[in-house]
Structure formats: C-alpha cells, structure tokens
There are 2 protein chains.
Amino acid sequence: MTYTIGEFAKKCGLTPHTLRFYEKEGLLPFVHRSASGIRFFSEPDIEWLVIINCLKNTGMSIKEIKVFIDWCMQGDTTIEKRYHFFIEHRKKVEKQMKELRKYLKKIDYKIWYYQTALEAGTLSIHQTQKCIKEEKRQLLKDAHGN
Amino acid sequence: MTYTIGEFAKKCGLTPHTLRFYEKEGLLPFVHRSASGIRFFSEPDIEWLVIINCLKNTGMSIKEIKVFIDWCMQGDTTIEKRYHFFIEHRKKVEKQMKELRKYLKKIDYKIWYYQTALEAGTLSIHQTQKCIKEEKRQLLKDAHGN
DNA sequence: TGTTGACTTAGAGTTAACTTTAAGTGTTAA
DNA sequence: TTAACACTTAAAGTTAACTCTAAGTCAACA
C-alpha cells in the first residue's frame, strides 16, 4: 500500500505543501519516486512523520531534526549519537514541563485572585488583611512546589 | 525606586528594544514618563512583566495579552472577563502539558530503543523475537498512560 | 476530447516576535 | 566641556516555518 503526497498528507495531518517543504529541507530522504518523478509514501513512512512531529512539537528546529534524520540514514555507525541526541532532548522536554508547571501555578494564583475579587465584587478585597493573609498562604504553597 | 528602560530591561531579562516594542504593542500602558519624555519603571511594574512573560511563554500571542492588559486598565468592571480569561488559558496550558507528557513517552521509548541497539552493537537487534516482545511491552505501557 | 484535479518546480509572500538601523536628542562622568 | 552612553522615533531587516503563486505536466473521467 502506497500513498500519493495528498493522501499521505491527510494521514499525518499536514498539507502536501508542507510535506514538499520538509523534503526540500532534507527531512524526508526516505521518500521514493515513480519513474515519472511522482513521490510515493509507504506505511512505515508514517512512523517517520510521527517522530518528526514529536521533535517539532517539543521545540526542535527543522535543522536539528535534519541532523537526526541524516544519522538515521547512516545506519549502525550512528547509534550512539542518536542515543545521546534523545538523552539531551529529553532534558529539554523535562525543562519545558517544569516551566509549564511553574506557569500553571501562576495561573492558578490568578484564578484564585479573580475568583475572590469576583465574589467580593471588587479588586480592592485584595487590600484587606484577611485577603493578604490568604494571599501569602497561596504564595508560600507555590514556593514549596518549586 | 524607579528604573530607566535599560535598568528595568536587565531586571526582567529583556532588552530595552523589546520593552519599547511591547509598549508600542500596547502591553505596557502603566509605564510613566518624565517631563522630558523618558520612560521610568517602578517596582510593581516587575509583576506586570512576570505575568506577561507567563502568558507569552505558555503560547499566548501579544495581541491576546493586550486584551487582558486592557481589561486590567478598566478596573472592577472586567473582573469576570479576567477570571474567565485565566480559566480558559489554564485549559490550554493543561493541554500543552498533556501533549508534552505524551512526547516524553515517545522519547523514552526511543532512548530504550537506541540503548538496546547500543548494547547489541546493531539496530538489527530490534528484529529479534526477544526484542520485539519487550518492545510490545513498552508500547503497551505507553498506551496505558494516555 | 476537453476539463478537472493532482502532481511538478522555483520562487515569492506571510506571520509573529523580535532585532537592528538610522538619525537625532539628552544626560552623566572625567 | 567633551566623550561616552542612554535615550528618542520611524522604519527596515531577520528568522523560522510555513503558505501560496505561477507556470507547467500528466492522468483519469464525462
């Protein structure tokens, strides 16, 4: 079972334009062509797009992804490089998650802040003693999580 | 204690250029100017930049952030809007985290995949029965987490 | 047999968020 | 007081990752 660029694009949620762009950037060296030059994609190519998507959506640039793809094309000699590539990338993703958790706390604080103000009908509630106390408690709770 | 644009930029890890750009985009309507037109920033302005940074680094565009800032300038009448703004944004950040967790699993699988190949000295280890079994186990483990 | 639609290429345009440049004014330290 | 530096504005340039256009080829259907 093979796919034309249009069919394959649908299968991985991209446009034919984007796939051609990726190929031009060297991300799809595994794509085959018919005698008349038409690209055809096969079932295992989907896995390539899955990993490209994974790397792309975790903040990796096309150039960096290309480095990995190139290593893949070189076979067993690059196993160690590829291993370290993922070890390093994992660290970056962990860092992103840590950041997101931090921001989520900030957002939760804001939700509490506006919910309290909403109930009171005014933001000035946050100048009262009771609220300042609670606010400190919240902030301390946040600090603990870091 | 007030700061010039250069001092303030350092304090929040931005350049004066970027701060001027943000002001032009309407993100800093709270910034004051001296009689001669020079901007000066004060201590509480840092909290504004903290929240701008939080929203920016969780994928919000400058235009969307501006909507929030404008609401802030309007006082108590926009409390509910701001509350819902953060409720909605929280959902988006949760979604990002869920995605990241999914990608992290993919990366962990790849680490296992290359580590196994590294120990064997060849990628062809992944065509052996023993390895295929383990691979299935890993994939099932991943599936459970989703 | 013509037209619709998918494909090809090269290259130009878009968007967001800066980032730099140019040309000039104002402030501070030796 | 003069050099260095921080500031001003308007506008152009940069970068990544698409996204689209133009001009053309090719295959299938009414």
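See the structure above.
Residues numbered from 1 in each chain as written. Chains lettered and ligands numbered in written order. Predicted model: local features only at pLDDT ≥ 70, side-chain atom pairs only at ≥ 80, totals over all residues. Heavy atoms only, no water.

### What to know about the relation of the copies chain B and chain A
And step 1. Placing chain B over chain A gives an RMSD of 0.1 Å and needs a rotation angle of 180°, together with 0.0 Å of translation along the axis. Read as a symmetry element, the transformation amounts to a two-fold axis. Scanning chain B for the C-alpha nearest the rotation axis identifies B:Met97, at a separation of 3.3 Å.
And step 2. Same-surface contact between copies: 100% of interface residues of chain B are shared with the interface of chain A. (Least-squares fit on C-alpha atoms with pLDDT ≥ 70 in both. Contact = heavy atoms within 4.5 Å.)

### Some details on the protein's contact with DNA strand C
And step 1. Taken together, 15 residues lie near DNA strand C, and A:Gly6, A:Arg20, A:Arg39, B:His17 and B:Tyr22 sit nearest.
And step 2. In the interface set of DNA strand C, defined as its atoms within 4 Å of the protein, sugar plus phosphate atoms amount to 70%.
And step 3. With respect to DNA strand C, the side chain of A:Thr4 contributes an N or O atom lying 2.9 Å from a phosphate oxygen.
And step 4. Note that a phosphate oxygen of DNA strand C is positioned 3.3 Å from one of the side-chain N or O atoms of A:Arg33.
And step 5. Put simply, the parts of the chain that give the surface near DNA strand C at least two residues each are α1 (5-11) of chain A together with α2 (16-24) of chain B.
And step 6. When residues in the surface near DNA strand C are grouped by element, the largest group, 4 residues, is from α2(B).
And step 7. For the surface near DNA strand C, a count of residues per class yields 5 nonpolar, 6 polar and 4 charged. (Near = heavy atom within 4 Å. Polar contact = N/O pair within 3.5 Å; in protein donor to acceptor, adjacent residues only side chain to side chain. Helix = DSSP H or I, 4+ residues; strand = E, 2+ residues; numbered from the N terminus. Nonpolar A, V, L, I, M, F, W, Y, C, P; charged D, E, K, R; others polar.)

### Some words on the interface of chain B and chain A
And step 1. Facing 39 residues of chain B, the contacting portion of chain A comprises 39 residues.
And step 2. It is B:Tyr83, B:Leu100 and B:Tyr114 in chain B that bury the most area against chain A; as a group they hold 17% of the surface buried on that side.
And step 3. Across the chain B-chain A interface, the total number found is 4 salt bridges.
And step 4. Where chain B meets chain A, there are 12 residue pairs in polar contact (both at pLDDT 80 or more).
And step 5. Mapped onto the side of chain B that touches chain A, the elements with two or more residues apiece are α3 (45-56), α4 (62-73) and α5 (79-120) of chain B.
And step 6. For the side of chain B that touches chain A, the leading source of residues is α5(B), giving 25 residues.
And step 7. Here the side of chain B that touches chain A is built from residues that sort into 20 nonpolar, 9 polar and 10 charged. (Buried area = accessible area lost by both parts, 1.4 Å probe. Salt bridge = Lys/Arg side-chain N within 4 Å of Asp/Glu carboxyl O.)

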